[in-house]
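Below, each chain spelled out in residue letters.
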Amino acid sequence: YFTSGTTSRPKLVTHTHQSYPVGNLSTLAWLGMQAGDVHWNISSPGWAKHAWSNFFVPLTIGAAIVVNSERFDPRRTLELVVKLGVTSLCAPPTVWRMLIQQPLAEYRGKLRSVVGAGEPLNPEVIEVVQRAWNLTLRDGFGQTETSAQVGNTPGQPVKAGSMGRPLPGFSVALIGPDGQEGDEGELSLPLSAAERPVGLMVGYAGDPDKTQAAL
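This write-up is about the structure you can find in this document. (Residues numbered from 1 in each chain as written. Predicted model: local features only at pLDDT ≥ 70, side-chain atom pairs only at ≥ 80, totals over all residues. Heavy atoms only, no water.)

**Overview of the overall build of the protein**
Looking only at helices and strands, the protein has six helices and eleven strands in total. Expressed as lengths along the three principal axes of its C-alpha atoms, the size of the protein is roughly 50 × 35 × 30 Å. Residue burial in the protein is summarised as follows: out of 215 residues, 42% are buried. In the protein, once contacts between residues fewer than 6 apart in sequence are set aside, the share between residues at least 24 apart is 59%. Accessible surface, the protein: about 11,400 Å² in total, of which carbon and sulfur atoms supply 54%. (Helix = DSSP H or I, 4+ residues; strand = E, 2+ residues; numbered from the N terminus. Buried < 20%, exposed > 50% of the residue type's maximum accessible area, 1.4 Å probe, protein only. Contact = heavy atoms within 4.5 Å. Areas by Shrake-Rupley, 256 points an atom, 1.4 Å probe, with all protein chains shown as cover.)

Put into structure tokens, the structure is as follows:
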């Protein structure tokens with residue numbers, strides 16, 4: 001997969017037959033998907049998140065997926081959620097902000113799990129979904145270079161404005177400008193031989209300098 005190019009030019013990420021299939025057990029823990037679920041992940045096939053939600057996790061747990069090639073329309077999306085019996089729904093916050101403009105309470109259907117990822121999730125959006133569906137919209141975070149790293153898993157209390165806690169398979173440290181671990185800083189992954197996460201990439205393809213710079 002190519003990275004999104006948010007902070008620099010897109011980079012080609014190399015994964016293995018282990019890092020995404022096994023590493024995405026962290027994503028399974030976040031999504032809380034169950035055998036028999038009907039899961040809809042609103043994400044373009046170009047995004048690594050599409051592989052997480054539409055292939056590896058459903059295949060692992062035995063769930064069905066919804067794939068819709070129509071141009072996104074919030075009302076049509078909610079109609080399909082009900083018609084197709086969707087039980088698990090994942091969408092980026094931009095989509096959630098459009099969905100809450102609709103009469104959500106009319107479209108609960110069989111939903112039991114709702115999550116958001118890809119950008120910060122507004123507490124106001126979480127509140128609207130809670131009122132309409134009595135479901136907690138759970139935030140999560142990962143990168144093309146990894147599977148899901150941090151998230152609010154089912155049953156855990158959700159703190160407004162927080163993207164959650166380290167997911168199984170990942171140790172997370174916050175490194176400040178002085179290079180020391182603290183309560184604030186950049187999210188970092190310990191890379192000792194004993195701790196290297198299974199869900200971490202091999203590196204940036206053909207660019208050892210970029211790979212080294214990320215270490």
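**Some thoughts on the sheet that holds strand β8 (residues 165-166)**
Pairing in this open sheet of seven strands is mixed, and the strands run β3-β2-β4-β5-β6-β7-β8 from one edge to the other. Sheet topology places β3 (64-66) and β8 at the edges, where each strand pairs with a single neighbour. (Pairing = 2+ DSSP bridges.)

**Quick notes on the packing of aromatic side chains**
Scanning all chains against the criterion turns up four aromatic pairs. With centroids separated by 5.9 Å and ring planes inclined at 75°, the aromatic side chains of Y20 and F56 adopt a geometry described as edge-to-face. Of the two residues, Y20 sits in the loop between β1 (13-14) and α1 (25-31) while F56 sits in helix α2 (residues 48-61), which places them 36 residues apart along the sequence. Of the residues examined, Y20 reaches a relative accessible area of 4% and is grouped as buried. When the centroid spacing of 6.2 Å and the interplanar angle of 75° are considered together, the rings of W96 and W133 count as edge-to-face. You can see W96 sitting in helix α4 (residues 93-99) and its partner W133 sitting in helix α5 (residues 123-133), a full 37 residues away along the chain. Of the two residues, W96 and W133, neither departs from the other in class, the shared state being buried. When the ring centre of Y204 is taken as reference, the NZ or CZ atom of K11 above it lies at 5.3 Å. (Phe/Tyr/Trp six-rings, centres within 6.5 Å; stacked < 30°, edge-to-face > 60°. Lys NZ or Arg CZ within 6 Å of the ring centre and 35° of its normal.)

**As for α5**
Residues of α5 that are buried include every one of V125, I126, V129 and W133, and no others. All buried residues of α5 project into a common sector of 100° when viewed along the axis, lining one side. In α5, the exposed residues that point more than 90 degrees away from the buried face are E124 and R131. Contacts made by the buried residues of α5 are with α3 (74-83), α4, β5 (113-117) and β6 (137-142). (Arc of directions from axis to C-beta.)

**Here we look at a nonpolar patch on the surface**
Side chains of V22, L25 and V198 sit close together on the surface and give an oily, nonpolar patch of about 220 Å² of accessible area. With respect to the helices, strands and loops of the structure, L25 is situated in helix α1. A relative accessible area of 44% places L25 in the partly exposed class. (Patch = residues over 30% accessible without salt bridge, like charges linked within 9 Å, V, L, I, M, F, W, Y side chains within 5 Å. Salt bridge = Lys/Arg side-chain N within 4 Å of Asp/Glu carboxyl O.)

**Some remarks on the side chain of S53**
With respect to the helices, strands and loops of the structure, S53 is situated in helix α2. Judged by relative accessible area, S53 falls into the buried class, the value being 0%. In this structure the side chain of S53 is engaged in a polar contact, spanning 3.2 Å, whose partner is the side chain of H39. Residues contacting S53, with those up to four places away along its chain left out, are L31, M33, H39, N41, P58 and I65. (Polar contact = N/O pair within 3.5 Å; in protein donor to acceptor, adjacent residues only side chain to side chain.)

**Quick look at the pattern of salt bridges**
Enumeration over the complete set of coordinates arrives at five salt bridges. When the shortest N-O distance is used, the salt bridge between R76 and E70 registers 3.5 Å. For R76, a relative accessible area of 31% corresponds to the partly exposed category. Here the residues in one salt-bridge network are E70, R76 and E79, joined through shared partners.

**What about the pairing of strand β7 (residues 148-151)?**
Direction of pairing for β6 relative to β7: antiparallel, over a ladder of three bridges. Of the residues in β7, the one forming a bridge with G140 is G151. The pairing of β7 with β8 spans two bridges and is classified as antiparallel. Bridging across to β8, G151 finds its partner in R165.

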